[in-house]
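Residue-level structure breakdown
Each chain, written out:
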Amino acid sequence: VLDGLRELVGAEHVLVDADVRAGYEVDWTGRFRGATPAVVRPASVDEVAAVVAYCRAEGIAVVPQGGNTGLVGGSVPLDGEVVLSLRRLSSIGPVDDLAGQVTMGAGVTLGALQAAVAPGWSAGLDLAARDSATIGGMVATNAGGTSFVRHGGMRARLAGIEAVLGDGSIVRHLGGLAKDNTGYDLAGLLCGSEGTLGVVTAARLQLVVPPRNVVTALCAVDGVEGALRAVRQLRAAVPVDAAELVLDEGLQLVRTHLGLPQPVTAAPAYLVLEWDGAVEALRSVEVLDAVVAEDEGRRQALWRYRDAQTEAVNAVGVPHKFDVTLPPPGLARFVDEVRTLGSGTTIVFGHVADGNLHVNVLGDDDVDDDVLRLVAGYGGSISAEHGIGTAKKRWLHLVRSEAEIAAFRAIKRALDPAGILNPNVLLPPL
Ligand code: FAD
Ligand code: 2HG
Ligand code: ZN
């Protein structure tokens, strides 16, 4: 089998050395670990199609992998699957300046895309893993991030897709027409399918006009209710590009981890706010204290208190991560309740304007059921942006009906008839 794969992509792109494989076999958090006989690194859509068709014929399961920054264990081979790394599909096409669109390979990192389209355009997507997360992975997870409040997530940015389905066929629809009602929306379907229906090989993205005057503020607020009120007030005044919540425990964790000073008066909660407009917009917002950045260096310094939450948590232990959405009226009460669950330490932060909280629990490996049932009880979603992966598939039934899961299975059978694409992800075992 390995010889067959070598013939398709070249021997040097079938990685079998244990030390080299190791980095592909464990997830970013260190919680999910498996083993693979080989990491296959195709360089073109035709090579991807040949590998998938070959694996189908040989009955070999495949885990697609981009930057391996996913947080639900979906990108690692838990059951001896072959890892299909898409990172060599890393070319970025020219920006179509009239349409504000660009087509790129699945292995392009978000950071590379952001740099390639600036200064005329902006990707309209951002997240802290920007220098490793790939566009293919972000399509597969329908990534959200900090600019969702203004521009929506990856599905909103997707203007076209190229992918290899589970039978090895190539679907390509990269024209980027703004209006195009010619049947099923395959891009929308593959977006968020977590590598279970097809391997994304290229994407065409709709870019956005960059903000004219970015203002960033780190504000102290009296709690989650105060944070929601402040975001509402700012949104009434200006277009808000980001509204991120950090609770005091999380801020102190980052300070300890990075050796940073207290940035603003100590408070129960903080907001990182970013908007396009004048500093004076902050006058219409009720906060306890605020520091403002108008230059890039200071801006990045303020963002560290928010962006470093994930790495600061991981520096302390291996967390159980719950990436949830709540209806906004229940958000504050949910935060109080979730912190009482289990016996571990709970760190909460997130994209508060979207109702999306990241609950990280350290030191309690049995807390999942309690947290996810609490979320479902609030009418929330058990995944706002990271996906179901392998971490949450047991709980999919909490938020999806039997009829919905049956429809999911029918779609999976149609696009991946042999069930070789990411078999341990999303759908619970029958
Ligand atoms: P991987 O981790 O390699 O894969 C993720 C999933 O997609 C797996 O199921 C994999 O099988 C599948 N996949 C990967 N590539 C392909 C492909 N080409 N075709 C088909 N399937 C594929 N996520 C957010 O949504 N918002 C955030 O704000 C955010 N911030 C983060 C911050 C940090 C510090 C970290 C570590 C992660 C963060 N994430 C965030 C999670 C992660 O970055 C995203 O899920 C991202 O989309 C994953 O991209 P990736 O290339 O690393 O994918
Ligand atoms: C973020 O918003 C990411 O920073 C990661 O989605 C969340 O670490 C987490 O739980
Ligand atoms: Zn997030």
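The text that follows walks through the structure, step by step, so that each part is easy to find. What you see is a predicted model, and the numbers here were worked out from it, not measured in a lab.

The rules we used
Residues numbered from 1 in each chain as written. Chains lettered and ligands numbered in written order. Predicted model: local features only at pLDDT ≥ 70, side-chain atom pairs only at ≥ 80, totals over all residues. Heavy atoms only, no water. Near = heavy atom within 4 Å. Polar contact = N/O pair within 3.5 Å; in protein donor to acceptor, adjacent residues only side chain to side chain. Areas by Shrake-Rupley, 256 points an atom, 1.4 Å probe, with all protein chains shown as cover. Helix = DSSP H or I, 4+ residues; strand = E, 2+ residues; numbered from the N terminus. Nonpolar A, V, L, I, M, F, W, Y, C, P; charged D, E, K, R; others polar. 1 Å grid on protein atoms, 1.4 Å probe; cavity = no way out; pocket = protein on both sides within 12 Å on 5 of 7 lines; lining within 4 Å. Points joined across faces, edges and corners; volume = space filled by probe spheres on them. Buried < 20%, exposed > 50% of the residue type's maximum accessible area, 1.4 Å probe, protein only. Contact = heavy atoms within 4.5 Å.

Turning our attention to the site of ligand 1. In the vicinity of ligand 1, 36 residues are found, and the nearest of them are Pro64, Gly66, Thr69, Gly70 and Thr134. With respect to ligand 1, the backbone of Val200 contributes an N or O atom lying 2.8 Å from a nitrogen atom. Protein chains bury 96% of the 970 Å² of accessible surface belonging to ligand 1 in isolation. Contributing elements (two or more residues each) for the shell around ligand 1: strand E3 (62-65), helix H5 (135-141) and strand E8 (198-206). Of the residues forming the shell around ligand 1, the biggest block, 5 residues, is contributed by H5. When grouped by side-chain class, the residues that make up the shell around ligand 1 number 14 nonpolar, 20 polar and 2 charged.

What follows deals with the layout of surface pockets. Its boundaries defined by the atoms lining it, the second largest pocket holds a volume of some 680 Å³. Gly192, Glu194, Arg400, Phe408 and Leu426 are the residues nearest the centre of the second largest pocket, which is lined by 28 residues in total. Considering each element in turn, the lining of the second largest pocket owes the most residues, 3 residues, to helix H15 (residues 402-415). A breakdown of the residues in the lining of the second largest pocket according to their chemical character gives 13 nonpolar, 10 polar and 5 charged.

This brings us to helix H12 (residues 309-316). Within H12 the residues assigned to the buried category are Gln309, Thr310, Ala312, Val313 and Asn314. Tucked into the core, H12 has its buried residues touching strand E10 (240-247), helix H10 (248-258), helix H11 (296-307), strand E13 (320-325), strand E14 (345-351) and strand E15 (356-362).

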